[in-house]
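Observations on chain architecture
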Amino acid sequence: MRTGIWLVGARGSVAVTSIVGAAALRTRLVAPTGCVTELPQLRSPALPGWSELVFGGHDIVTTPVLKKADALAAAGVLPGRLVVALADDLATVEHELRPLPAGDTQAGTADRIAADLSDFRDRNGLDRVVVVNVSTTEPVAAPHPAHAGLAALTAALAGPGPVLPPSALVAYAAFTAGCSFIDFTPSTGARLPALAELARRQAVPYAGNDGKTGETLVKSVLAPMFALRNLRVRSWSGLNLLGGGDGANLADPAANAAKVSSKQRVLGDALGYQPEGTSRIDYVAEIGDFKTAWDLITFEGFLGTGMRMEFTWHGCDSALAAPLVLDLARLTAAAHRAGRSGPLPELGFFFKDPLGDGPSALAEQWAALAAFTAGLGS
Ligand SMILES: NC(=O)c1ccc[n+]([C@@H]2O[C@H](COP(=O)([O-])OP(=O)(O)OC[C@H]3O[C@@H](n4cnc5c(N)ncnc54)[C@H](O)[C@@H]3O)[C@@H](O)[C@H]2O)c1
């Protein structure tokens with residue numbers, strides 16, 4: 001199944017790490033460490049193979065992919081030898097990247113995005129295209145009455161002024177072009193009733209939101225432990241120190257608010273109550289893509305005895321995110337082929353703020369994912 005992966009934010013750290021990683025896997029230069037679809041329990045002939053993936057994408061900057069890959073190698077995010085060995089593959093991807101188009105109205109912009117997607121599919125003889133949002137996190141979007149239904153949205157997009165935030169406009173264009181959609185960011189993406197209606201009409205699946213790669217991943221394992229042992233968590237506070245483009249953007253209070261709310265949801269879901277505390281994100285340019293998360297948990301045991309736990313996570317964000325982007329694209333393309341449409345709550349394993357009412361504990365999410373993958377056929 002020849003599958004296109006169209007990256008929105010294609011010249012960013014997560015996107016370029018995904019592009020380099022997929023080429024390295026195709027040419028067998030690396031092992032698929034970090035790709036859960038390569039685990040024996042999830043391996044499936046229904047998923048597109050590494051050699052069947054074709055990359056394209058939009059961005060608002062023009063930094064060449066090769067230059068970005070060199071910068072990631074210099075920062076220790078990926079091995080420099082891979083960038084040298086894969087220079088031709090990166091040049092091929094460069095030809096498939098486009099500047100984000102703009103029309104006179106948002107309807108015009110959506111038409112031009114959809115045209116880029118259809119051209120990409122036709123030019124490369126692709127069976128289907130998965131659009132993956134890995135662009136800069138947006139501030140929380142203002143509500144608009146046209147978000148409630150597709151007819152109102154279609155009419156409003158043709159008028160003046162913005163109706164949808166950029167992530168939702170991309171989801172609209174993707175669905176219009178018959179593509180599935182994954183939101184790896186905490187932005188609005190497809191999470192609007194009008195877009196759910198469009199996805200159903202176009203019979204395309206979608207998944208999100210916000211890749212679970214670090215502090216929240218650990219929370220989704222530890223919080224169920226406290227719940228299962230009937231230990232009461234009194235407070236849970238986290239501090240995330242992060243550089244890179246994502247860190248710089250999250251220094252903006254509005255984008256930070258979107259991220260922080262998706263990081264805390266897991267605690268309420270897993271514990272059944274919201275303990276005191278919050279999760280903060282601070283920008284530290286010097287540490288680049290290498291994030292440090294430090295969490296302090298205070299909890300209460302038998303007879304009210306107070307105890308505490310701390311953990312420190314040192315992760316390379318793009319190296320943790322890129323294999324999940326590839327997993328998600330393979331799984332969503334296979335779900336599309338299997339006739340699934342609308343939200344895919346079974347992919348909640350991958351997200352901080354999953355769609356639907358699925359479980360929030362990692363182990364239960366894993367079981368749901370394994371059952372989903374087994375049901376994709378061959
Ligand atoms: N790395 C992780 O572990 C992780 C986990 C969860 C979510 N995310 C999210 O993934 C996204 C990407 O992270 P990153 O580290 O690659 O950031 P980055 O800053 O390196 O890359 C973002 C890219 O998006 C581009 N962009 C901005 N607005 C755009 C638009 N409207 N259309 C198209 N492109 C646009 C930017 O020019 C940039 O190239 C962020 O939103 C981040 O919050 C990352």
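The structure this text deals with has already been given above.
A brief look at the structure comes next.

1. Concerning the sheet that holds strand β6 (residues 205-208)
Strand order in this open sheet of seven strands is β3-β2-β1-β4-β5-β6-β11, and the pairing throughout is parallel. A strand with exactly one partner marks an edge of an open sheet, and here the two such strands are β3 (97-99) and β11 (342-343). Packing of helix α7 (residues 166-176) onto the sheet brings it into contact with β1 (3-8), β4 (128-133), β5 (180-183) and β6, and relative to β5 it is tilted by some 160°.

2. Structural notes on the site of the ligand
For the ligand, the set of nearby residues contains 27 residues, the closest of which are Val14, Asp59, Ser135, Thr137 and Thr213. Val14 is positioned with one of its backbone polar atoms (N or O) 2.8 Å from an oxygen atom of the ligand. For the ligand, whose free accessible area comes to 850 Å², the fraction covered by protein is 91%. Of all the secondary structure elements, the ones that give two or more residues to the shell around the ligand are α1 (13-26), β2 (53-59), α10 (244-250) and α12 (317-337). Residue classes in the shell around the ligand are distributed as nine nonpolar, eleven polar and seven charged.

3. Details of α7
Burial analysis of α7 places nine of its eleven residues in the buried class, the great majority of the element. Where α7 ends, the next residue or the one after it, Gly178, has phi of about 80°, a positive value.

4. Description of the sheet that holds strand β7 (residues 232-242)
What the four strands build is an open sheet, ordered β8-β7-β9-β10; its pairing is mixed. Of all the strands in the sheet, just β8 (279-283) and β10 (306-316) have a single pairing partner and so form its edges. Averaged over all neighbouring strand pairs, the angle between strand axes comes to 15°, with direction disregarded. Relative to strand β9 (residues 290-300), β7 runs antiparallel, the two being bridged by nine bridges. For Leu239, the partnering residue across the bridge sits in β9 and is Trp294.

5. Quick word on the nonpolar core
Membership of the largest hydrophobic core comes to 60 residues, with the highest contact counts inside it found for Leu7, Phe55, Leu347, Phe350 and Leu369. Sort the elements by how many residues they give to this core and α12 lands first, with ten residues. One finds Tyr172, Ala173, Ala190 and Ala196 within the second-largest nonpolar core, a separate group that totals 39 residues.

6. Focus on helix α13 (residues 362-374)
Its 13 residues place the ends of α13 18 Å apart at the C-alpha level, agreeing with the 18 Å of an ideal helix rising 1.5 Å per residue. Looking at α13, one finds that the buried residues are Leu362, Gln365, Leu369, Ala370, Phe372 and Thr373. With its buried residues spanning 160° around the axis, α13 presents them on a single face. Pointing more than 90 degrees away from the buried face of α13 are the exposed residues Ala363, Ala371 and Ala374. Where α13 is buried, its residues touch α9 (215-228) and α12.

7. What to know about the environment of Glu52
When you line up the elements, Glu52 lands in the loop between α1 and β2. Its relative accessible area of 25% is what places Glu52 among the partly exposed residues. With 163 residues separating them along the chain, Glu52 and Glu215 place their C-alpha atoms 33 Å apart. Aside from chain neighbours lying at most four places away, what touches Glu52 is Met1, Arg2 and Thr3.

8. Remarks on unusual backbone geometry
Residues Gly208 and Asn209 are joined by a peptide bond in cis, for which omega reads -5°. With respect to the helices, strands and loops of the structure, Asn209 is situated in the loop between β6 and α9. Of note, Asn230 is a non-glycine position whose phi angle comes to about 55°, a positive value. For Asn230, the location among the structural elements is in the loop between α9 and β7. Residue classification places Asn230 among the exposed positions, given a relative accessible area of 71%.

9. So, the packing of α1 against helix α4 (residues 87-94)
Two elements in contact, α1 and α4, have axes separated by 10 Å at closest approach and are oriented at 130°. With respect to each other, α1 and α4 are oriented oblique. As α1 runs across α4, the sense of the crossing is right-handed. Contacts from Ile19, Val20, Ala23 and Arg26 in α1 reach Asp89, Leu90 and Val93 in α4. Residue composition of the contact of α1 with α4, grouped by class: five nonpolar, no polar and two charged.

Calculation notes
Residues numbered from 1 in each chain as written. Predicted model: local features only at pLDDT ≥ 70, side-chain atom pairs only at ≥ 80, totals over all residues. Heavy atoms only, no water. Pairing = 2+ DSSP bridges. Helix = DSSP H or I, 4+ residues; strand = E, 2+ residues; numbered from the N terminus. Contact = heavy atoms within 4.5 Å. Axes fitted to C-alpha atoms, helices over the stretch in contact; angles between N-to-C directions. Near = heavy atom within 4 Å. Polar contact = N/O pair within 3.5 Å; in protein donor to acceptor, adjacent residues only side chain to side chain. Areas by Shrake-Rupley, 256 points an atom, 1.4 Å probe, with all protein chains shown as cover. Nonpolar A, V, L, I, M, F, W, Y, C, P; charged D, E, K, R; others polar. Buried < 20%, exposed > 50% of the residue type's maximum accessible area, 1.4 Å probe, protein only. Core = buried A, V, L, I, M, F, W, Y, C linked by side-chain atoms within 4.5 Å. Expected span 1.5 Å × (residues − 1). Arc of directions from axis to C-beta. Parallel < 35°, antiparallel > 145°, perpendicular 65-115°, else oblique. Left-handed = near helix turned anticlockwise from the far one by under 90°.

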